[in-house]
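What follows is the residue order along each chain.
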Amino acid sequence: MAITKTYRPLQTLTLSGSATSVTFSNIPNSYSDLILIYNGTTTANIGVSATLNGDTANQQRTFMYGSGGTKDGGTGGPREVIYSSTTMTTAIVEFLDYSATDKHKMILCRSGAAGVITLASINTWQSLTALNSISISPNSGSFSLNSTFSLYGVIA
Amino acid sequence: MLVGNTAYEPFISDYDLLETETLPSSQATITFNNLTTNYASTYRHLQLRILARTDRTGAHNEPIQLFVNGSNSGYNYQQLYGAGGAPGSTAAADESKMLISEGATSASSVAYSFGASVIDIYDAFNSNKHKTFRSLNGYRETNYGIVSLYSGVWRNNAVIDSLLLDPLIGGNFLANSRFSLYGLKAS
């Protein structure tokens, strides 16, 4: 029986210096979902936004977070997918049916940095275009040395 | 192996797509059956990945309820959610169903919008444990959205043989909704 690789690494980027943005381009459309795993730091405690296919519009989000004794949420920062910290941050961002041309793209996001924040959000990119590039960047400052970004494809 | 060639290493997958269903038209429920027979000897944990839209009207989303092995008892669940303000929470015990997701848009939602869910099911085929679930889910369209985390338990030691997903309020999942079941092995 042929075994299909269900969950396949597509690309991993490890920063050899600071970077104001990281881009995955020419993403194949042969999977159903994409999963982006981030493990790194930024030069500030800051939101990280995604630009999809170069489009800086047409995104919306709803989020909630806990930070110390504070818990809150909102809908602002429509392109923000995660929050990154000067302390080590982990995040997982899932793009479901990213190449579908009959659906707006749904993005499930979790991120956290111990002692700073834990955050969950759901984002949408209201486009019927197949997603083929993802660029993420801190809202100010940069990602730091040794930050890693791994993109996986999942079949369905 | 020829001298100089790289040794062949057979690929062994540990996380596999088991079944998937993308609806060609409306359907009242989604059921994954015969899970014990088909998967218990190979997999330990299960995952559902869902994009869903229902025919509910008058609201912009609806919860998805889950039934295990056709059972109508023994479900507890806890939810943490954000709908644009400070997070809220809900809980229920001894329920006849498990609410596990807010991740279905409705007929009143913006066209082409679907809710999303990733649901993990632990030790699905272990007959010595109650069955535990967790999910990250929600929906977001132009002016409305909810992000939600659920934890759930089916207080039953039976191995999981079937999973049934059902819109809580509306009658049907709509066309193009997608339901995928994955299995994760353990050593």
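What you see is a predicted model, and the numbers here were worked out from it, not measured in a lab.

### Digging into the overall build of chain B
Alright, step 1. On a plain count of helices and strands, chain B comes out with one helix and 12 strands.
Alright, step 2. Listed by position from the N terminus, the elements making up chain B come as β-β-α-β-β-β-β-β-β-β-β-β-β.
Alright, step 3. Across its three principal axes, chain B shows a C-alpha extent of roughly 70 × 40 × 35 Å.
Alright, step 4. Among the 187 residues that make up chain B, the fraction classed as buried is 45%.
Alright, step 5. At a minimum sequence separation of 6, the contacts of chain B that also span at least 24 residues come to 78%.

### Some remarks on the overall build of chain A
Alright, step 1. Scanning chain A from terminus to terminus reveals zero helices and 12 strands.
Alright, step 2. Each helix and strand of chain A, placed in order from N terminus to C terminus, yields the pattern β-β-β-β-β-β-β-β-β-β-β-β.
Alright, step 3. A globule of 156 residues ought to have a C-alpha radius of gyration of about 15 Å, and chain A, at 15 Å, matches this closely.
Alright, step 4. Dimensions of chain A along its principal axes, counting C-alpha atoms only, are 50 × 35 × 30 Å.
Alright, step 5. Taking all 156 residues of chain A together, the buried fraction comes to 44%.
Alright, step 6. Within chain A, contacts between residues at least 6 apart in sequence are counted, and of these 78% link residues at least 24 apart.

### Thoughts on the interface of chain A and chain B
Alright, step 1. If you look at the interface, chain A gives 33 residues, while chain B gives 33 residues.
Alright, step 2. Counting only elements with at least two residues in the side of chain A that touches chain B, the list comes to strand 5 (59–67), strand 6 (70–74), strand 8 (89–96), strand 9 (105–113) and strand 10 (117–125) of chain A.
Alright, step 3. Here the residues of the side of chain A that touches chain B are counted per class, giving 12 nonpolar, 11 polar and 10 charged.

### A closer look at the confidence of the model for chain B
Alright, step 1. Mean pLDDT over chain B stands at 95; residues scoring 70 or higher make up 94%.
Alright, step 2. At the level of chain-chain contacts, confidence expressed as ipTM amounts to 0.95, with global pTM at 0.95.

### Observations regarding unusual backbone geometry
Residue and element names in this part refer to chain A.
Alright, step 1. In the Ramachandran plot, Asn58 falls in the positive-phi region, its phi being about 65° despite a non-glycine side chain.
Alright, step 2. Secondary-structure assignment places Asn58 in the loop between strand 4 (46–52) and strand 5.
Alright, step 3. Its identity as a non-glycine residue notwithstanding, Asn146 has a phi of 75°, on the positive side.
Alright, step 4. Note on placement: Asn146 falls in the loop between strand 11 (134–138) and strand 12 (148–154).
Alright, step 5. Among the residues examined, Asn146 registers 13 C-beta atoms within 10 Å and is labelled partly exposed.

About the cut-offs
Starting afresh in each chain, residues are numbered from 1 along the sequence in its written order. Numbering of ligands from 1 and lettering of chains from A proceed in the order in which they are written. For this predicted model, a pLDDT threshold of at least 70 governs which residues receive local features, and a threshold of 80 or more governs which side-chain atom pairs are given and counted, while totals over whole chains, interfaces and linings are taken from all residues. Helix and strand assignments come from DSSP, with helices taken as H or I runs of at least 4 residues and strands as E runs of at least 2, each series counted from the N terminus. For every residue, the other C-beta atoms within 10 Å of its own C-beta are counted; 20 or more classify it as buried, 12 or fewer as exposed, and values in between as partly exposed. C-beta atoms are placed from the backbone. Any pair of residues counts as being in contact when their C-beta atoms, constructed from backbone geometry, are within 7 Å of one another. Both definitions apply: the radius of gyration is a C-alpha atom measure, and the globule rule equals 2.2 Å times residues to the power 0.38. Ten residues, namely Ala, Val, Leu, Ile, Met, Phe, Trp, Tyr, Cys and Pro, are considered nonpolar, four, namely Asp, Glu, Lys and Arg, are considered charged, and the remaining ones, Gly among them, are considered polar. Predictor confidence is given residue by residue as pLDDT, running from a minimum of 0 to a maximum of 100.

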